[in-house]
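Next come the chains, spelled out residue by residue.
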Amino acid sequence: MKLDLEEEGKAVADVEQGDALQKGKASKVDPPSPDLTATTIEEEQPATARGALTCNPGALTLLSKYPHLLIAPVILFCLTVALCSFGIVHATKASHKLEGERARDTAISAADGIAKQLSSASRAALSMAAVVKMNPNWSFLESN
């Protein structure tokens, strides 16, 4: 048991120093060259990490070989845009028509109210005119 722990400690030390143990044999592993390591995080991350939109190179190769693959998505996009535009125009026209009908109904209602008020206000004047026509004697009217 103690022997296993000593071998494990030696293996850890060898790996830390760049040595690797393979089936009991130690072989030297070259450390990575400094020109291949990334110097900063900004240089390591592609433009997508900074917000730019990029495409997979495999997809570009596929589309350059088979450009007809774009036909269905383009048709679907155009159809979606056309239907959305039609829906917006149709809803706008329907809203405008509804507002016009409401305004006309409100105007008719107001006109009916004014007509009723004028009718009731003119009844008193018409009644007085009928009394004067029947008896043009003002002294009678003043006494009653």
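Everything numeric in this text was worked out from a predicted model, so none of it was measured.

**Topic: the overall build of the protein**
Within the protein one finds five helices and two strands. Taking all 144 residues of the protein together, the buried fraction comes to 1%. Of the roughly 13100 Å² of accessible surface on the protein, 65% is carried by carbon and sulfur atoms.

**Topic: a nonpolar patch on the surface**
A cluster of nonpolar side chains, namely Leu62, Tyr66 and Leu69, defines an oily patch on the protein surface of about 270 Å² accessible area. Mapped onto the fold, Tyr66 is located in the loop between helix H3 (57–65) and helix H4 (71–134). Residue Tyr66 is classed as partly exposed on the basis of its relative accessible area, which comes to 41%.

**As for H4**
In this model, H4 (64 residues) spans 93 Å end to end at C-alpha, consistent with the 94 Å of a helix rising 1.5 Å per residue. Of all bends in H4, the biggest is about 30 degrees, found at Arg123.

**Quick notes on the confidence of the model for the protein**
Across the protein, pLDDT averages 75, with 60% of residues at or above 70. Ranking the helices and strands of the protein by mean pLDDT puts H4 first, with 94, and strand E1 (residues 19–22) last, with 47. The model gives residues 19–23 a pLDDT under 50, and that stretch makes 11 contacts with residues more than four places away or in other chains.

The rules behind each value
Per chain, the residues get numbers from 1 upward, laid out in the order the sequence is written. Local features in a predicted model are, by the rule used here, given only for residues with pLDDT of at least 70; side-chain atom pairs are given and counted only at 80 or more, and totals for whole chains, interfaces and linings are based on all residues. The side-chain values count all of the structure's non-hydrogen atoms but skip hydrogen atoms and water molecules. In this description a helix means any DSSP run of H or I spanning at least four residues, a strand means any run of E spanning at least two, and both kinds are numbered starting from the N terminus. Note on exposure labels: buried denotes an accessible area under 20% of the residue type's maximum, exposed denotes more than 50%, and partly exposed covers the range between, all computed with a 1.4 Å probe on protein chains only. Accessible surface area values rest on a Shrake-Rupley calculation with a 1.4 Å probe, where residue burial reflects the displayed protein chains alone. Patches in this entry comprise residues that are over 30% relatively accessible and not in a salt bridge; like charges within 9 Å are linked, as are nonpolar side chains (Val, Leu, Ile, Met, Phe, Trp, Tyr) within 5 Å. Salt bridge, as used here, is a side-chain nitrogen of Lys or Arg placed within 4 Å of a carboxyl oxygen of Asp or Glu. Take the number of residues in a helix, subtract one, and multiply by 1.5 Å to get its expected span. Bend is computed residue by residue as the angle between axes fitted to the seven residues ending at the residue and the seven residues starting at it. The pLDDT value tells you how sure the predictor is about a given residue, anywhere from 0 up to 100. Contact between two residues is taken to exist if any of their heavy atoms lie within 4.5 Å; hydrogens are not considered.

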